[in-house]
Amino acid sequence: METSSFKNAVAANWLRMSAQHSNEGGMPDEQDSLLGGAKFAAGTEPPTVLLVEDNQINQVVALEFLAVMGLRSRLAKNGLEALASCKASPPDLVLMDIQMPGMDGLECTRQLRELQATGALPAFPILALTAHALESDIAASMAAGMDEHLTKPLDFVALRGRLGRWLALPGLKS
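Keep in mind that what you see is a predicted model, and the values were worked out from it rather than measured.

What counts, and where the lines are drawn
Residues numbered from 1 in each chain as written. Predicted model: local features only at pLDDT ≥ 70, side-chain atom pairs only at ≥ 80, totals over all residues. Heavy atoms only, no water. Helix = DSSP H or I, 4+ residues; strand = E, 2+ residues; numbered from the N terminus. Buried < 20%, exposed > 50% of the residue type's maximum accessible area, 1.4 Å probe, protein only. Polar contact = N/O pair within 3.5 Å; in protein donor to acceptor, adjacent residues only side chain to side chain. Contact = heavy atoms within 4.5 Å. Pairing = 2+ DSSP bridges. Axes fitted to C-alpha atoms, helices over the stretch in contact; angles between N-to-C directions.

Caption draft 1: Expanded view of the side chain of Thr 48. Relative to the helices and strands, Thr 48 is located in strand S1 (residues 48-52). On the basis of relative accessibility, which here comes to 8%, the residue Thr 48 falls in the buried class. A distance of 3.3 Å separates the side chain of Thr 48 from the side chain of Arg 72, its partner in a polar contact. Sequence-distant contacts of Thr 48, defined by excluding residues within four places in its chain, comprise Arg 72, Arg 74, Pro 91, Asp 92 and Leu 93.

Put into structure tokens, the structure is as follows:
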């Protein structure tokens with residue numbers, strides 16, 4: 001079921017991501033204030049989170065949560081897009097879905113960790129983001145090289161707490 005608020009959220013995310021892309025990752029000050037982005041000290045940029053997610057509703061929810069936290073975000077819809085995005089511009093953190101078409105999150109994480117091990121990419125945390133919460137699922141995420149395992153549906157407070165372990169977030173002590 002598609003509601004007008006869902007359509008508005010999709011439009012807001014598209015606008016935000018378009019602005020970030022057209023400014024090579026930066027957003028003008030007036031858009032920061034309009035979109036609720038947190039201000040960082042002069043000359044510093046908020047951390048960038050790469051969301052790797054194929055489901056449109058999960059994309060909208062996660063991107064809105066990241067925006068409310070004052071973080072910059074990029075989107076990849078599968079593991080292949082995530083690899084390309086990380087090679088082009090390494091993020092500060094990756095939120096990685098596990099089940100996706102093409103390359104899944106586990107294989108993508110293994111390949112990112114290999115690139116990091118060889119020095120082709122800098123180190124950054126990778127957090128699993130999945131509906132699978134069994135001990136075997138968590139073990140598979142950790143074995144692939146993930147740093148943490150978060151379950152869906154996303155909870156804003158829990159996500160902010162987990163991201164606060166790895167990134168300097170506005171309003172959180174690091």
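Caption draft 2: Spatial organisation of the sheet that holds S1. Reading across from one edge, S2-S1-S3-S4-S5 is the order of the five strands in this open sheet, with parallel pairing throughout. Here the strands that pair on one side only, and so sit at the sheet edges, are strand S2 (72-76) and strand S5 (148-151). Averaged over all pairs of adjacent strands, the angle between strand axes in this sheet comes to 25 degrees, irrespective of strand direction. Across four bridges, the pairing between strand S3 (residues 93-97) and strand S4 (residues 126-130) is parallel. Along S4, the bridge assignment pairs Val 94 with Ile 126. Strands in contact with helix H3 (residues 56-68) are S1, S2 and S3; relative to S1, the strand with the most contacts, it is inclined by about 170 degrees.

Caption draft 3: Here's a closer look at the pairing of S1. Of all five residues making up S1, five are buried, and the element is well covered by its neighbours. With burial as the criterion, each face of S1 is covered, one bearing Thr 48, Leu 50 and Val 52 and the other bearing Val 49 and Leu 51. Here S1 pairs with S2 via five bridges, running parallel. Bridged to Val 49 within S2 is Ser 73.

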